[in-house]
Amino acid sequence: ARKTAAAGKGAGKKRGAEPGMGDLLDEPVDGYGDEEGSAGGDDEGEEAGTGRALVIVESPAKAKTINKYLGSGYRVMASMGHVRDIPKERLGIDVENQFEVEYEPIDTKKKTIGDLRKYARNAREIFLCPDPDREGEAIAWHIAELIKGQHKGPLSRVTFNQITKEAIQKAFEHPRAIDMNKVNAQQARRVLDRLVGYKLSQLLWKKVRRGLSAGRV
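Heads up: these notes are all about the structure in this document. (Residues numbered from 1 in each chain as written. Predicted model: local features only at pLDDT ≥ 70, side-chain atom pairs only at ≥ 80, totals over all residues. Heavy atoms only, no water.)

1. Examining the sheet that holds strand 1 (residues 53-57)
Phase 1: On the basis of which strands lie adjacent, the open sheet formed by four strands has the order 2-1-7-8 and parallel pairing. Looking at the sheet topology across the chains shown, the edges are occupied by strand 2 (74-78) and strand 8 (155-157). Going from strand to strand, the sheet's axes swing by 20° on average, the running direction of each strand aside.
Phase 2: Relative to strand 8, strand 7 (residues 126-128) runs parallel, the two sharing three bridges. (Pairing = 2+ DSSP bridges. Helix = DSSP H or I, 4+ residues; strand = E, 2+ residues; numbered from the N terminus. Axes fitted to C-alpha atoms, helices over the stretch in contact; angles between N-to-C directions.)

Shown next as structure tokens:
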């Protein structure tokens, strides 16, 4: 079997003989989408971990094209971008505890998340393929966090810059771990957006007009 990579959250990683999704996310180990973004038939009825490999991208259009290149042994689904974010109704950042961030599933993505979890359970392995920038890396990490309860097998990050058969097949020959440096860079940006935008927007509401935004909140 091909060696794949899983990624871990950094500090506090567990090490064992058979690491899986629960060991997210930095060491190599063995081991926003909807129905429109999925490809292939139904794996229901198969035992956990015995179905097709699950490939998760951001775009439904990419999902259909990539599935043609990979073949029937893969199910390709789309997340339609981000699947988790900081709660809208509160700050969501514990500034007294090393700026710990609170995340929750995005309301409009609950069906997408349910579908991803459903097929993650049966997948023999999972490849996270959001865009190759820090935003895409963060999306991959958030997806991994949401499906880790359903999938205990191999999980890898795969990136590519072209949607061609040669580029896709070559990319899948080099799976890697989730890059937590990129994930943390995106989280830092998101935290700053929330801290500045959330606090300053409240001031604008008091001094100028209610409903004004000071930026990305």
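Next, the rest of the story.
2. Overview of the nonpolar core
Phase 1: L54, I56, I126, L128, I143 and I178 are the most contacted members of the largest nonpolar core, which has 28 residues in total.
Phase 2: Elements represented by at least two residues in this core include exactly strand 1, helix 2 (110-122), strand 7, helix 3 (134-147) and helix 5 (180-207).
Phase 3: Top contributing element to this core by residue count: helix 3, with seven residues.
Phase 4: Excluding its chain neighbours within four sequence positions, the residues that come into contact with I143 are I56, S79, V83, L128 and P130.
Phase 5: In terms of nonpolar packing, the next biggest core, distinct from the first, is built from 16 residues, V55, Y74, V76 and F127 among them. (Core = buried A, V, L, I, M, F, W, Y, C linked by side-chain atoms within 4.5 Å. Buried < 20%, exposed > 50% of the residue type's maximum accessible area, 1.4 Å probe, protein only. Contact = heavy atoms within 4.5 Å.)

3. Observations regarding the pattern of salt bridges
Phase 1: Per the counting criterion, the structure on display carries ten salt bridges.
Phase 2: Close ionic contact of E137 with R176 constitutes a salt bridge, the shortest N to O distance being 2.8 Å. Placement of E137 in helix 3 and of R176 in the loop between helix 4 (165-171) and helix 5 is noted, with a sequence separation of 39 residues between them.
Phase 3: Through salt bridges that share partners, E89, R90 and E102 make up one connected network. (Salt bridge = Lys/Arg side-chain N within 4 Å of Asp/Glu carboxyl O.)

4. Here's the deal with the pairing of strand 1
Phase 1: The buried fraction of strand 1 is high, at five of five residues.
Phase 2: Examined bridge by bridge, strand 1 and strand 7 share three bridges and lie parallel to one another. When the bridges of strand 7 are listed, I56 appears paired with L128.

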